[in-house]
Structures are given as C-alpha cells and as structure tokens.
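This is what each chain is made of:
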Amino acid sequence: MLAGFNTTTASGVPTGVELVAGPNATATFDSAAAGSDFDVTFSGYSLTGPDAARYALATPCRGEGQRTTGTIVAPPPTPTPTPTPTPTPTPTPALTPLPLSPISTTPIPQSSLASASVTRVATWVKTSAANAGLAFVIVDKRSARVFAFAADGTLRCTAPALLGVARGDVNPPGIGDRPLAAIGPEDRITAAGRYVAQLGNDLGKADILWVDYAAGLSLHRVIAGRPSDQRRRRLMTPAVDDNRISCGCINVLAEFFDTVVVPLFRATTGIVYVLPEDKPLEAVFPLAAARG
C-alpha cells in the first residue's frame, strides 16, 4: 500500500493534500529486494484536500497502471528470543532428626522431659536396687518418651518413642499367639509393667530388645512401615498423640537404639518399666508410688 508521497529535499512535503486509497487500491513494487528507486505500479488511489487541484498522481507509463518509484526497506531481523532459564526446583528439605536429650543430673529434675511419674519410679529403682544392679529403661507412654539409665541409676539419655495405636495398660488375651494380621487396632497396646529384657533378633533379621517375648513386645529401631505412616516424622514432632502408630512395640530412633540401648544391654539382661497411661501409678508400681 502507498503510504505517502515520494518526496525530495527540493520538493518538500506537499501540504493541503492527502493520498487516499480507494476500495480496490493496489500498489506493487517491481522488485522484492531491499533498496531504493524501484518502480511501483499502483491503481485506485486519488488525492483529496484543499490543495489537491495543484497536484496530480504520476501518469501511466510502462505497462498497466500508474507508476512511481519507491524504496523498500529490509525489515530488521527478528531477534532470537533469549530462552527463559528453567528455574532450579527448590529441594525438599531433608528431615532432620531432633537431637537426643541427655540428662546427667542426680536426682532427676522435675522437667518437661521427666514427668513426676518418671522421677518417682527412677528414684525408687535407684534407692531400693529394684533393678538388681542392671541397666534399666523407663517408658513414659503419656509423654511418648523413653529414658535409659545405667545400672547405677544415672540417666544416660532420653528420646521420643512410637507406641501402640490403642490406649490401654493390659495385653489382650492370647496376644502373643496371634499373627500380626489378626491383631486389630483396638488390641495394639503397649502394656504397662516391669519386664526383664534382653537383646535378640526379630526372626533373625535384625537385633532388637525383647521386652516381653511371650507377648511379642519389643523395643527396636523405628521401621519404615507404610509410606503414609511417616513414622520417622512422627518422632520429630513435639506432639504426643501422633506417636501412637505401632502394633504395640516401642519404636525409637536408630541413633538412640545403637548408641544408648545396645551398649547398656549388650551381653546382659536389663529391666524395662512401662508406665501406665490409664491406671494410676500405684496400681502397677505400688512401691514406687509409696515413695512419691
């Protein structure tokens, strides 16, 4: 399409006149290459404006239609788009286990880690030699925490624990004779009591601490379980209720089991005290309660 007039420095830009394209106006350059002074064949254009009578379009010459000259300017090259860099995905932070909480003071302080019941039982064991000179562990189900003591009553370390999904302090009848698949959620209890425990193997696969072999109760490293269980994550939360997930066994961090439990029970037996959560303390450990 013709967009204006072919002007020169001498002619200047016409004033009072405008180039108008009709309904079927056309304009065709003789060459498609970039350059100047190319002939242009056009038709269907007219002039309008107050001074239109003073001007005239170029007259027809070589060939059909009216002719003039024009300049073809090569379009600038289309810049190559800069590829948008693919953002580096933010890595999912790895789960960092909570640090173990060692306590080495005697007597055990009343604190958020050691409940009043833990303090009473530990003090009773130490002062009465109820542990028979053996290392011992106290499992506080209400706080979902395990406390490991040396034979002399020194608290070596404490760590969170996963416990049976059902609340209760007494094993259902015949629990040790049932296959795992036959134990319903309501029977998956971590029973309270005093147990003589020793290291052993779980069907020859891994070393565990057998708490009550006949009932199938053990303390062991946290297992993966189903992905939806998120057992290790449960151990790292400050909540207590989400620690009720196991079939009854006591699950602890592998670091706690390997560096605390195994050295205390290696080549010997020990005692595990599982505190009640529904019954009063004196119903399970009357002598400990009497000293409170």
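Structure: above.
Nothing here was measured: the structure is a model prediction, and the numbers come from that model. (Residues numbered from 1 in each chain as written. Predicted model: local features only at pLDDT ≥ 70, side-chain atom pairs only at ≥ 80, totals over all residues. Heavy atoms only, no water.)

K.L.:
Even after reading the chapter, I still don't get the overall build of the chain, so can you show me in this structure?
P.N.:
In terms of regular secondary structure, the chain is built from 5 helices and 13 strands. The buried share among the 292 residues of the chain stands at 37%. For the chain, the share of sequence-separated contacts (at least 6 apart) that also reach a separation of at least 24 residues comes to 62%. Of the accessible surface of the chain, which amounts to about 16,500 Å², a share of 58% is contributed by carbon and sulfur atoms. (Helix = DSSP H or I, 4+ residues; strand = E, 2+ residues; numbered from the N terminus. Buried < 20%, exposed > 50% of the residue type's maximum accessible area, 1.4 Å probe, protein only. Contact = heavy atoms within 4.5 Å. Areas by Shrake-Rupley, 256 points an atom, 1.4 Å probe, with all protein chains shown as cover.)

K.L.:
Teacher, can you tell me more about the packing of aromatic side chains here?
P.N.:
The relative placement of two aromatic rings is captured by the distance of their centres and the angle of their planes. Summed over the entire model, instances satisfying the criterion amount to 6 aromatic pairs. Residues Trp124 and Phe285 carry aromatic rings whose centres are separated by 6.4 Å and whose planes lie at 45° to one another, so their mutual orientation is tilted. Placement of Trp124 in helix α1 (residues 116-128) and of Phe285 in the loop between α4 (281-284) and α5 (286-290) is noted, with a sequence separation of 161 residues between them. Assessed through its relative accessible area of 9%, Trp124 is described here as buried. (Phe/Tyr/Trp six-rings, centres within 6.5 Å; stacked < 30°, edge-to-face > 60°.)

K.L.:
Please clarify how unusual backbone geometry should be interpreted in this entry.
P.N.:
Only a minority of non-glycine residues have a phi that is not negative, and only a minority of peptide bonds are not trans. One non-glycine residue, Ala129, lies in the positive phi region at around 55°. Position of Ala129 among the secondary structure elements: in the loop between α1 and β4 (136-140). The backbone phi angle of Ala267 is positive, close to 60°, even though this residue is not glycine. Mapped onto the secondary structure, Ala267 falls in the loop between α3 (254-265) and β13 (269-274).

K.L.:
How should the sheet that holds strand β8 (residues 193-201) be read in this particular structure?
P.N.:
The strands making up a sheet associate through hydrogen bonds between their backbones, and the pairing can be parallel or antiparallel. Spatial strand order, β6-β5-β4-β13-β8-β9-β10-β12: 8 strands in an open sheet with mixed pairing. Each edge of the sheet is formed by a strand with only one pairing partner; in this case those strands are β6 (155-160) and β12 (250-252). Averaged over all pairs of adjacent strands, the angle between their axes in this sheet comes to 25°, without regard to strand direction. In the sheet, β8 pairs with strand β9 (residues 207-212) via 4 bridges, with the strands oriented antiparallel. The residue bridging Asn201 from the neighbouring strand is Asp207, located in β9. Packing against the sheet, α1 makes contact with β4, β5 (145-149) and β13, and its axis sits at approximately 160° to β4. (Pairing = 2+ DSSP bridges. Axes fitted to C-alpha atoms, helices over the stretch in contact; angles between N-to-C directions.)

K.L.:
What should I look at first to understand the pairing of β8 in this one?
P.N.:
Along a regular strand, successive side chains alternate from one face of the sheet to the other. Bridge count for β8 against β13 is 6 bridges, and the pairing is antiparallel. Bridge pairing links Gln198 to Thr269 in β13. The hairpin formed by β8 and β9 contains 5 residues between the paired strands, and Leu203 there has a positive phi angle of roughly 55°.

K.L.:
Please explain α3 as it appears in this structure.
P.N.:
The end-to-end C-alpha separation of α3 is 15 Å, in line with the 16 Å expected for 12 residues at 1.5 Å each. For α3, every residue scored as buried is listed here: Phe256, Phe257, Val260, Val261, Val262, Leu264 and Phe265. Two residues or fewer after α3 comes Ala267, characterised by a positive phi angle close to 60°. (Expected span 1.5 Å × (residues − 1).)

K.L.:
Even after reading the chapter, I still don't get the pairing of β5, so can you show me in this structure?
P.N.:
Within β5, 5 of the 5 residues are buried, which leaves it mostly tucked inside the rest of the structure. The alternating pattern of β5 places Arg145, Phe147 and Phe149 and Val146 and Ala148 on opposite faces, both of which are buried. As judged from the 5 bridges shared by β4 and β5, these two strands associate in the antiparallel manner. Its bridge partner being in β5, Val137 is matched across the sheet by Ala148. What sits between β4 and β5 in their antiparallel hairpin is a turn of 4 residues, with Ala144 showing a positive phi close to 50°. Two strands pair when backbone bridges link them, and β5 and β6 are joined in this way by 5 bridges, in the antiparallel orientation. Following the sheet pairing, Phe149 is matched in β6 by Leu155. A loop of 5 residues connects β5 with β6, the two strands running antiparallel in sequence, and Gly153 in this loop sits at a positive phi of about 90°.

K.L.:
Help me understand the state of the cysteines, please; the structure alone is not making it clear to me.
P.N.:
By definition, a disulfide links two cysteine residues through a covalent bond between their sulfur atoms. Enumeration over the complete set of coordinates arrives at 0 disulfides. Cys247 carries a free sulfur, and the closest cysteine sulfur to it, the one in Cys249, is 7.6 Å from it. (Disulfide = S-S within 2.5 Å.)

K.L.:
Is there a simple way to explain the environment of Phe257 in this structure?
P.N.:
Note that Phe257 resides in helix α3. A C-alpha to C-alpha distance of 8.7 Å links Phe257 and Ile208, two positions 49 residues apart in sequence. Dropping the residues within four chain positions of it, Phe257 is found in contact with Leu199, Asp207, Ile208, Leu209, Leu219, His220, Arg221, Val252, Val262 and Pro263.

K.L.:
I keep staring at α1 and nothing clicks. Help me out?
P.N.:
For an α-helix the count is 3.6 residues per turn, leaving residues at separations of three or four pointing the same way. Under the 1.5 Å per step criterion, the end-to-end length of α1 is 18 Å for 13 residues, consistent within 8% with the ideal 18 Å. Of the positions making up α1, those classed as buried are Ser117, Val118, Thr119, Val121, Ala122, Trp124 and Val125. Ala129 occupies a position one or two residues after α1 and carries a positive phi of about 55°.

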